[in-house]
Amino acid sequence: MDKVLIVAYFFPPLGGVAAIRSVKYVKYLRDYGIDPVVLTVDHRWTRQPRDHELLSEIPADISVYRAMILDFDWIFKVMYGFKLMGLVKWLRQHVFYPEAERTWLPFAKHKIRRIMKEHRDIKALFITANPFSALSIGLFVKSRYNIPYICEFRDQWVGNPFRLNSDYPVRTLHIEIAWEKKILSSSAAWVCLTDLMYADIVHRFPTIRGKPYRIIPNGFDESDFPPIPVHKYTNKMHIVYLGSFYDRRQPDILWRAIQHLVEKNEITPDELAIDIVGRNTPHFVMGTYYRHPVISPMVSFASFQSHRQSIDRMISADVLLLFIASGVHTESILTGKVFEYIRSGRPILAIVPSNGLAADIIRNSKTGFVADSGDLDGICRQLSYACQLWREAKLEVNPNMEYIAKFSRKLNTEILSGLLHEVMDNESDHRNTQ
């Protein structure tokens, strides 16, 4: 087997979509002739949520190295408590760019020196980002050990829609553009999640157009899903949202739609329950509806749950809520939860850009109802229709499983392994001709 160093900041026992993507790669890479060694953060020094159940996904004999971090999120949390939001924003945009996790880099590079001594047969490096600062580890390893690296973009860096829809400092943006260009130019290959992301990156950096790449979306692992049971209806229609609302993703238009339907007597407050599960602040999510006498009692919040618990919540929901706000380039956003949503077998209420990637996947998988995130009337129609089906105990979908199967985590890993072998073969050919 060919040995490859995987750099994944988010890795079990850290939880969340990024950690799941990384551990699924590690779980299946040996099936395709790749022996992974992992470098990740020491979870004891971070504020990230934990999911210890994911540790069982790591093969027992995989070498995992953990480097500490000076996690400034602890300090930022204290500053938020003192209402110093403006100072935190300034520090993030002028000092800790592209993100506060850059303080991990010196410790990660120190740990790499040990890894290279203990695993002298490593032939390539794969870095999955974000944090985007971790991609600079590729430059370090290439210059010091002459080992090629592949960088993976799970999200856009300088082209991120959340950044484009904010007042990000021009000077910082130019520094990051140069940083991203250097990393991509020096890489042996790269990975992104969607065709739109690929098109945007090569438009900004056309010199990388001929470089090997793969488009590997997020996905689901079939082994995570038990046989789908017969759905049990209760006296309320439970709409479940799994994940975090942040930046511009406040679902104010959903609360307006519910209020409108209640006022028109198309739904009654006692038949609707909305469960929001994840790292959320109720005051931010609810906005002006935080103490609304009708809407607020419908909504309940639960903290971050393990991946196993999240799958169980999906399967038992009446409706799964997917929300992506409208804005510049938001049609390219494709959150990781989409793929497990479509595999869950439950209907999805997708309040998303109607011309975007998420809408296309819901339509092609035949797993739900799509309403544009800027169309109040459309959201009202789809929510009212879902309620009517629920009252008749007919709120079901007939998924296109042939289409959904294309997003298997194992298939994703096979695609990645092909790119890793291509890079290592190219490097071997290059050295043989020298």
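Located above this text is the structure these notes cover.
Since we're looking at a predicted model, the values are computed, not measured. (Residues numbered from 1 in each chain as written. Predicted model: local features only at pLDDT ≥ 70, side-chain atom pairs only at ≥ 80, totals over all residues. Heavy atoms only, no water.)

Caption draft 1: Seen up close, the pairing of strand 5 (residues 149-153). Along strand 5, 5 of the 5 residues are buried, which leaves the element largely enclosed by surrounding structure. As paired strands, strand 4 (residues 122-129) and strand 5 are joined by 5 bridges and run parallel to one another. Each residue of the ladder has a partner; that of Ala-129, found in strand 5, is Phe-153. Crossover connection from strand 4 via helix 5 (residues 136-145) to parallel strand 5: handedness right-handed. Summarising the sheet, strand 5 and strand 6 (residues 189-192) pair through 4 bridges and their orientation is parallel. Considered in strand 6, the bridge of Phe-153 is made with Cys-192. (Buried < 20%, exposed > 50% of the residue type's maximum accessible area, 1.4 Å probe, protein only. Helix = DSSP H or I, 4+ residues; strand = E, 2+ residues; numbered from the N terminus. Pairing = 2+ DSSP bridges. Right-handed = clockwise from strand over helix to strand, strands pointing away.)

Caption draft 2: Fine view of the sheet that holds strand 13 (residues 368-372). Strands sit in the order 10-9-8-11-12-13 across an open sheet of 6 strands; the sheet is parallel. Because the sheet does not close on itself, it has two edges, and the strands there are strand 10 (299-302) and strand 13. Between one strand axis and the next, the sheet turns through 20° on average, direction left out of account. The pairing of strand 8 (residues 237-242) with strand 11 (residues 319-323) spans 2 bridges and is parallel. Paired with Ile-239 across the two strands is Val-319, which belongs to strand 11. In the packing of helix 12 (residues 337-344) onto the sheet, contacts are made with strand 8, strand 11 and strand 12 (348-352), and the angle to strand 11 comes to roughly 160°. Along the sheet, helix 14 (residues 376-391) contacts strand 8, strand 12 and strand 13; its crossing angle with strand 13, the most-contacted strand, is approximately 160°. (Axes fitted to C-alpha atoms, helices over the stretch in contact; angles between N-to-C directions. Contact = heavy atoms within 4.5 Å.)

Caption draft 3: Broad picture of the packing of helix 4 (residues 105-118) against helix 5. Remark: helix 4 packs on helix 5, axes separated minimally by 11 Å, with the N-to-C direction vectors making an angle of 40°. The way helix 4 lies across helix 5 gives a crossing that is right-handed. Contacts from Leu-105, Ala-108, Lys-109, Ile-112, Arg-113 and Met-116 of helix 4 reach helix 5 at Ser-136, Ile-137, Phe-140, Val-141, Arg-144 and Tyr-145. Considered class by class, the residues forming the contact of helix 4 with helix 5 number 8 nonpolar, 1 polar and 3 charged. (Left-handed = near helix turned anticlockwise from the far one by under 90°. Nonpolar A, V, L, I, M, F, W, Y, C, P; charged D, E, K, R; others polar.)

Caption draft 4: Region of interest: a nonpolar patch on the surface. A surface patch of nonpolar side chains, about 580 Å² in accessible area, is lined by Val-78, Phe-82, Leu-84, Leu-87, Trp-90 and Val-95. Tracing the sequence through the fold places Trp-90 in helix 3 (residues 85-94). (Patch = residues over 30% accessible without salt bridge, like charges linked within 9 Å, V, L, I, M, F, W, Y side chains within 5 Å. Areas by Shrake-Rupley, 256 points an atom, 1.4 Å probe, with all protein chains shown as cover. Salt bridge = Lys/Arg side-chain N within 4 Å of Asp/Glu carboxyl O.)

Caption draft 5: Region of interest: the side chain of Arg-21. Considering the arrangement of structural elements, one finds Arg-21 in helix 1 (residues 17-28). Judged by relative accessible area, Arg-21 falls into the buried class, the value being 2%. In this structure the side chain of Arg-21 is engaged in a polar contact, spanning 2.9 Å, whose partner is the side chain of Tyr-25. Setting aside residues no more than four positions away along its own chain, Arg-21 makes contact with Glu-152, Arg-154, Val-191, Leu-193, Ile-216, Pro-217, Asn-218 and Arg-409. (Polar contact = N/O pair within 3.5 Å; in protein donor to acceptor, adjacent residues only side chain to side chain.)

Caption draft 6: Focus on the packing of aromatic side chains. This structure, assessed with the given rule, holds 19 aromatic pairs. With 5.8 Å between their ring centres and 80° between their planes, Phe-76 and Phe-96 make a pair best called edge-to-face. Taken together, the positions of Phe-76 in helix 2 (residues 73-81) and Phe-96 in the loop between helix 3 and helix 4 put the pair 20 residues apart, joining distant regions of the chain. Ring centres of Trp-190 and Tyr-213 lie 6.0 Å apart, and the angle between their planes is 35°; this geometry places the pair in the tilted category. Residue Trp-190 is located in strand 6, and its partner Tyr-213 is located in strand 7 (residues 213-215); the two are separated by 23 residues in the primary sequence. The class for Trp-190 is buried, based on a relative accessible area of 0%. Cluster of aromatic residues (ring-pair linked, three or more members): Phe-132, Phe-153, Trp-157 and Trp-179. Taking the ring centre of Trp-74 as reference, the NZ or CZ of Arg-47 above it sits at 5.9 Å. In this arrangement the basic side chain of Arg-102 is found over the ring face of Tyr-97, its NZ or CZ atom lying 5.2 Å from the centre. (Phe/Tyr/Trp six-rings, centres within 6.5 Å; stacked < 30°, edge-to-face > 60°. Lys NZ or Arg CZ within 6 Å of the ring centre and 35° of its normal.)

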